[in-house]
Amino acid sequence: MPGLDINSITKKFGNFAAVDNVQLNVPHGTFVCLLGPSGCGKTTLLRMIAGLEEPTNGAIVLDGEDITPLPTHKRNLGMVFQSLALFPHLSVGDNIAYALRIRGASKEEQKKRVDELLSLIHLTGFADRPVAKLSGGQRQRVAIARALALSPKLFLLDEPLSALDAKLREAMQVELRQLQQRLGITTIVVTHDQREAMTMADLVVVMGHGKILQAAPPIEIYRKPADAFVADFIGITNLLPAEVDSTGRTTILGTAIPGLAMPAGQTKASVSVRPEDVHLGSPGGSAITGEVSFVRDLGGTIETFVDVGGTSIIAVTTPRERHDVPVGAKVGVTLPPASCVVLGA
Amino acid sequence: MRREAPKSVADYTPLFFPALMLIVFFVVPFSTMIAVSFFKRNPSGFYTPDFVFDNYARFLSVFFGGVLGFSLMLAVLVAVCCVCIAFPFTYLLTRRPRRVQTLWLVGLLSVLSLSEVIIGFAWSTLFSRTAGITNLFVAIGLMDKPVALLPTFGAVLTGMVYQALPYTILVLYPALVRLDPTLLEAARTLGASPIRAFFNVVAPALRNTIVATLIMVFVFALGSYLLPQILGRPQHWTLSVLITDQAIYQSNMPFAAAMAVFLVLISLALVGLTLLVGRRENAL
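Here's what I pulled together on the structure shown here. (Residues numbered from 1 in each chain as written. Chains lettered and ligands numbered in written order. Predicted model: local features only at pLDDT ≥ 70, side-chain atom pairs only at ≥ 80, totals over all residues. Heavy atoms only, no water.)

Before going further, it helps to spend a moment on the interface of chain A and chain B. Taken together, the contact pairs 22 residues of chain A with 19 residues of chain B. Interface of chain A and chain B: buried area, both sides summed, is about 1,700 Å²; carbon and sulfur atoms make up 62% of it. Our count for the contact surface shared by chain A and chain B stands at one salt bridge. Its salt-bridge partner being Glu-185 of chain B, residue Arg-47 of chain A comes within 2.6 Å of it at the nearest N-O pair. Where chain A meets chain B, there are five residue pairs in polar contact (both at pLDDT 80 or more). The set of elements that each furnish at least two residues to the side of chain A that touches chain B consists of strand E6 (77–80), helix H2 (92–102) and helix H4 (136–148) of chain A. If one sorts the elements of the side of chain A that touches chain B by residue count, H2 of chain A sits on top with four residues. Looking at side-chain class alone, the side of chain A that touches chain B contains 13 nonpolar, five polar and four charged residues. (Contact = heavy atoms within 4.5 Å. Buried area = accessible area lost by both parts, 1.4 Å probe. Salt bridge = Lys/Arg side-chain N within 4 Å of Asp/Glu carboxyl O. Polar contact = N/O pair within 3.5 Å; in protein donor to acceptor, adjacent residues only side chain to side chain. Helix = DSSP H or I, 4+ residues; strand = E, 2+ residues; numbered from the N terminus. Nonpolar A, V, L, I, M, F, W, Y, C, P; charged D, E, K, R; others polar.)

Looking now at the sheet that holds strand E4 (residues 57–62) of chain A. Residues and elements named next belong to chain A. Ordered in space as E2-E1-E4-E5, the four strands form an open sheet in which the pairing is antiparallel. Whereas interior strands pair on both sides, the edge strands pair on one side only; in this sheet they are strand E2 (16–27) and strand E5 (65–66). As judged from the eight bridges shared by strand E1 (residues 3–13) and E2, these two strands associate in the antiparallel manner. Of the residues in E2, the one forming a bridge with Lys-12 is Ala-17. (Pairing = 2+ DSSP bridges.)

So, about the packing of helix H8 (residues 181–189) of chain B against helix H9 (residues 194–205) of chain B. Residues and elements named next belong to chain B. Between H8 and H9, the shortest axis-to-axis distance is 9 Å and the interhelical angle comes to 135°. When the axes of H8 and H9 are compared, the pair comes out oblique. When you trace H8 past H9, the crossing you get is right-handed. Only Pro-194, Ala-197, Phe-198, Val-201, Val-202 and Ala-205 of H9 make contact with H8, whose side of the interface consists of Leu-183, Leu-184, Ala-187 and Arg-188. Tallied by class, residues from the contact of H8 with H9 come to nine nonpolar, no polar and one charged. (Axes fitted to C-alpha atoms, helices over the stretch in contact; angles between N-to-C directions. Parallel < 35°, antiparallel > 145°, perpendicular 65-115°, else oblique. Left-handed = near helix turned anticlockwise from the far one by under 90°.)

Structure representation (structure tokens):
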């Protein structure tokens, strides 16, 4: 089967399992983001795919071939490191041509491929520059071009954009995604930035404590998080306690939410509601009543913090639909049942 | 941190003490030596102030030229051997856990506490026929009978490399510890075997460090005068041995001074040349 199969991979450092029995199938040409907080095992997993760490257990299968016993240099992959790891003593062109030189490609072949890659990363004519003379974004692109020089089967990136400033990072995310689409190469990116994952990935894999918590397309992860950890990690969310009262209705913070059903046999659960789904209106009626405790007006969006008996609910609106609610005002909070995701206990 | 250029004389005060030390213990004695090298030797006494080139002229003979050549060759060889051994060793050491590194470094530092005399006599015992390592080789069946491995050139070289190796490692260690380990990993993901990656990436990235270390060991080895006498034959004696011989046993201070000045000049010229070559390659 074409693609990458990660079969029950475990990596232990002493007694600590950095990666704990991870199972993942990456179809050919997919862009995968491994997402999670630091120490969740995402980098270790990537390094095992690259062959830079040896798994304690399990196998890595690429296009039907078990590559677990192969050393890194025989795996035919390209990798971009967090530090970029450009060779400081070589020029831009020599950095990109390094893999070709190792393979014994002729000078003309090397030059042709370098020119091709330089135009791919919009740095035509930079071949003779020393890498020290490049800007952060340019180095980033050179590192990508160097990793792609041999048209590898797998393209791995370890927090590739973390050294760039926010604006450039956003632009590079788009560029990287477009590049991957054009080349159709199976790509795995490690990141802790959920926005980056949402921008680029076909498949987002959220990891925590060495395990995969959820693997799904980005919008599904956002809309239907598997548990409270995922819901909280991907974007901003309101995690609210829901209860079934004596009359059988589901209530949140003491107010019944008609249309919201709990799984059978469960009386208590956590509910995730995205801030943009929270409606603010006048108090009373079926709405949850609260008091505005803080307003963060960012110009493009307005975040309103509503205090309901000690629990804070965040509502995000655009200025166009904004209700004029100053700090201290009483408001009614409506949670559309369709937007409420009941999470596992 | 921002540094301001010193403005008043008072700002230079911290420099007074080292400057004084340098003048009293280096500039004055060295100037004296240069002066003495032009003095005339007095066979019955010591020397008389004069300005003659006799001492330098006498040096320009085949014999002294040969000794100078041998000294420089020996120092270069010691430097190259030390770096060739120390560089891979230190590199592998920096990849070990911190505790292992500390143990090795402490061990190396303790070697530094040995004096040249002790090192010399320890090796002369090790290389001797009666109690040396060849007895061990005989015991495990590698050799038929024990032989003396000294006095030979190999013995001199071994002793001097042994003496200089801890310095070499301690100089290389900081640079290698700071080396980004992902450089090597990047080379491996690009298809280079670990050994190839080491020579392709790690060694060139640290070229300046390697050159600086070579120069340091070279200068260090140039001054050695005990080990060649203990472990070598007279033809393995370095210029430093001859200088000592002239100064102490022949009481020919002007000639000894001339040789010392000559040695300093030649070494400086070699170091300068190395740096110049390094700079030119960097500019490319």
